[in-house]
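# Structure assessment
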Amino acid sequence: MTNDKMRWIWIDKFTEFTPKTSATAIKNVSLAEEHLHDLYPAFPIVPHSLIVEGMAQTAGILVGEARNFEEKVILAKVGRATFHRLVRPGETIAYSAKIEQLNESGASIAGTVTSGSDLVAEISLMFSHIDQNLAGLEFPEHNFVFTEQFTELLKTYRIESSVKI
Amino acid sequence: MTISREEIYDKVRAVLVDALGVDEGDVTPQAVVRDDLGAESIDFLDISFRLEKAFGIKIGKGEMMPENVATDPNFVQNGKITPAGIAELKKRMPHSDFSVFEKDPTVENMSKLFTVDAIVNYIEGKLKTA
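Residues numbered from 1 in each chain as written. Chains lettered and ligands numbered in written order. Predicted model: local features only at pLDDT ≥ 70, side-chain atom pairs only at ≥ 80, totals over all residues.

## Digging into the overall build of chain A
In terms of regular secondary structure, chain A is built from 3 helices and 6 strands. The C-alpha atoms of chain A give 16 Å as radius of gyration, which agrees with the globular expectation for 165 residues (15 Å, within 12%). Dimensions of chain A along its principal axes, counting C-alpha atoms only, are 50 × 40 × 35 Å. Counting the 165 residues in chain A, one finds 30% classified as buried. Considering only contacts within chain A whose residues lie at least 6 apart along the sequence, 66% involve residues at least 24 apart. (Helix = DSSP H or I, 4+ residues; strand = E, 2+ residues; numbered from the N terminus. Rg over C-alpha atoms; globule rule 2.2 N^0.38 Å. Buried ≥ 20, exposed ≤ 12 C-beta atoms within 10 Å, placed from the backbone. Contact = placed C-beta atoms within 7 Å.)

Given below as structure tokens:
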């Protein structure tokens, strides 16, 4: 199984997408997800690391779209990840990402994760456009970051929002 | 309102503490950002973003630390920066102190040009022209 085929997607759909500015994606947490059961026996929760990954996917697509998916956008640094409470099955969590800075080298993002009116986490991330930063290192020509799994999410959002209008 | 050199230094120190997870006491004016504070390549983008935010400025690519001198065959011979290369670096890094580097101007030693003091000088210059 290649990386292109592996399902590694931790957001379900975008509910807001303002190019170069902000995006919000939601994730419905289901008891049927295997990984919820791995951390504590009989106490299923979403691992914090996967909440960071959900934010990275929401923000990464926002950063990628800002340059028409021409850059290979890599999560370079988690500047801050503060968790206020656990997330349990049956909840819908929302990842809101805002671009704070964006230039040819990369982007910095401020994000919040909420469940209803509760603040679940605050996460700051930094992304690198790797072809611009790691001079001398060679990466595959094709954009291995933005596989169809990710671009389809944005396509779906655009189709759904145009239908509503 | 102008900002004093001490205030710039304090903000730069806070940026480096946040970006690199070092102790305040480690951030001395002479500290070399890579060698003494442990910055890796990706940290420089982070530092640049944080400085932009802290001082409300824009930092162009390669402005604080030129990226293409070390890979230019006109400026590098046998792992050492040539006199022409040093002249080019001095032109592009007026904020850096070259006294240590010039004694042994290897490509490896280029990192020694990027000290905490160099960042403070750079920001001071940038704010003056803003």
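## Describing the domain arrangement of chain B
For interface size, the figure often reported is the accessible area lost on association. All names here are of chain B. Here chain B is partitioned into domain 1 (1-59 + 114-130) and domain 2 (66-112). Each side of the interface is counted separately: domain 1 has 9 residues, and domain 2 has 5 residues. Looking at side-chain class alone, the side of domain 1 that touches domain 2 contains 4 nonpolar, 2 polar and 3 charged residues. (Domains from an automatic or database assignment. Nonpolar A, V, L, I, M, F, W, Y, C, P; charged D, E, K, R; others polar.)

## Topic: helix 5 (residues 116-129) of chain B
Residues and elements named next belong to chain B. With 14 residues, helix 5 ought to run about 20 Å at 1.5 Å a step, and its terminal C-alpha atoms sit 20 Å apart, in line with that. Val-116, Ala-118, Ile-119, Val-120, Tyr-122 and Ile-123 are the residues of helix 5 that are buried. The elements touched by buried residues of helix 5 are helix 1 (5-20) and helix 2 (41-55). (Expected span 1.5 Å × (residues − 1).)

## So, the interface of chain A and chain B
Residue-level contacts link 12 residues of chain A with 10 residues of chain B. Elements with a contribution of two residues or more to the side of chain A that touches chain B: strand 3 (73-83), strand 5 (106-115) and strand 6 (118-129) of chain A. Looking at the side of chain A that touches chain B, its residues break down into 4 nonpolar, 6 polar and 2 charged.

## A word on the packing of helix 1 of chain B against helix 5 of chain B
All names here are of chain B. The contact between helix 1 and helix 5 brings their axes to 10 Å, and the two run at 125°. Here helix 5 runs oblique to helix 1, going by the angle between their axes. Crossing hand, helix 1 versus helix 5: right-handed. In this structure, helix 1 uses Arg-5, Ile-8, Tyr-9, Val-12 and Leu-16 to contact helix 5, whose residues at the interface are Val-116, Ile-119, Val-120, Ile-123 and Glu-124. Broken down by class, the residue content of the contact of helix 1 with helix 5 amounts to 8 nonpolar, no polar and 2 charged. (Axes fitted to C-alpha atoms, helices over the stretch in contact; angles between N-to-C directions. Parallel < 35°, antiparallel > 145°, perpendicular 65-115°, else oblique. Left-handed = near helix turned anticlockwise from the far one by under 90°.)

## Brief notes about the sheet that holds strand 2 (residues 22-28) of chain A
Judged by pairing direction, the sheet is antiparallel, and its 6 strands sit side by side in the order 1-2-4-5-6-3 (chain A) without closing on themselves. Since the sheet does not close on itself, it has two edges, and those belong to strand 1 (13-18) and strand 3 of chain A, each with one partner. Each strand axis lies, on average, 20° off the axis of its neighbour in the sheet, ignoring direction. The sheet contact formed by strand 5 of chain A and strand 6 of chain A spans 10 bridges and is antiparallel. What sits directly across from A:Gly111, in strand 6 of chain A, is A:Ile123. Here helix 1 (residues 48-66) of chain A sits on the sheet and contacts strand 2, strand 3, strand 4 (92-102), strand 5 and strand 6 of chain A; the angle it forms with strand 4 of chain A, its principal contact strand, is near 45°. Most of the contacts of helix 2 of chain B go to strand 6 of chain A, to which it runs at about 115°, and overall it touches strand 3, strand 4, strand 5 and strand 6 of chain A. (Pairing = 2+ DSSP bridges.)

## Thoughts on the nonpolar core
It is characteristic of soluble globular proteins that their nonpolar side chains tend to be buried jointly. Counting 36 residues, the largest nonpolar core has A:Met55, A:Ala59, A:Val113, A:Leu125 and A:Phe127 as its most contacted members. Where this core is concerned, the elements lending two or more residues are strand 2, helix 1, strand 3, strand 4, strand 5, strand 6 and helix 3 (148-164) of chain A together with helix 2 of chain B. A total of 8 residues in this core trace back to one element, the largest contributor, which is helix 1 of chain A. Other than its neighbours up to four places away in sequence, A:Ala59 contacts A:Ala97, A:Ile109, A:Gly111 and A:Leu125. Of all hydrophobic cores here, the second largest spans 27 residues; its members include B:Met65, B:Phe114, B:Val116 and B:Ile119. (Core = buried A, V, L, I, M, F, W, Y, C linked by C-beta atoms within 7 Å.)

## Notes on the pairing of strand 4 of chain A
Residues and elements named next belong to chain A. In this sheet, strand 4 lies alongside strand 2 in antiparallel orientation, the contact comprising 7 bridges. Bridging from a neighbouring strand, Ala-23 pairs with Ala-97 of strand 4. With 9 bridges connecting them, strand 4 and strand 5 associate as antiparallel partners. Each bridged residue has a counterpart across the sheet, and for Leu-102 the counterpart in strand 5 is Ala-107. Counting the residues that bridge the hairpin from strand 4 to strand 5 gives 3 residues.

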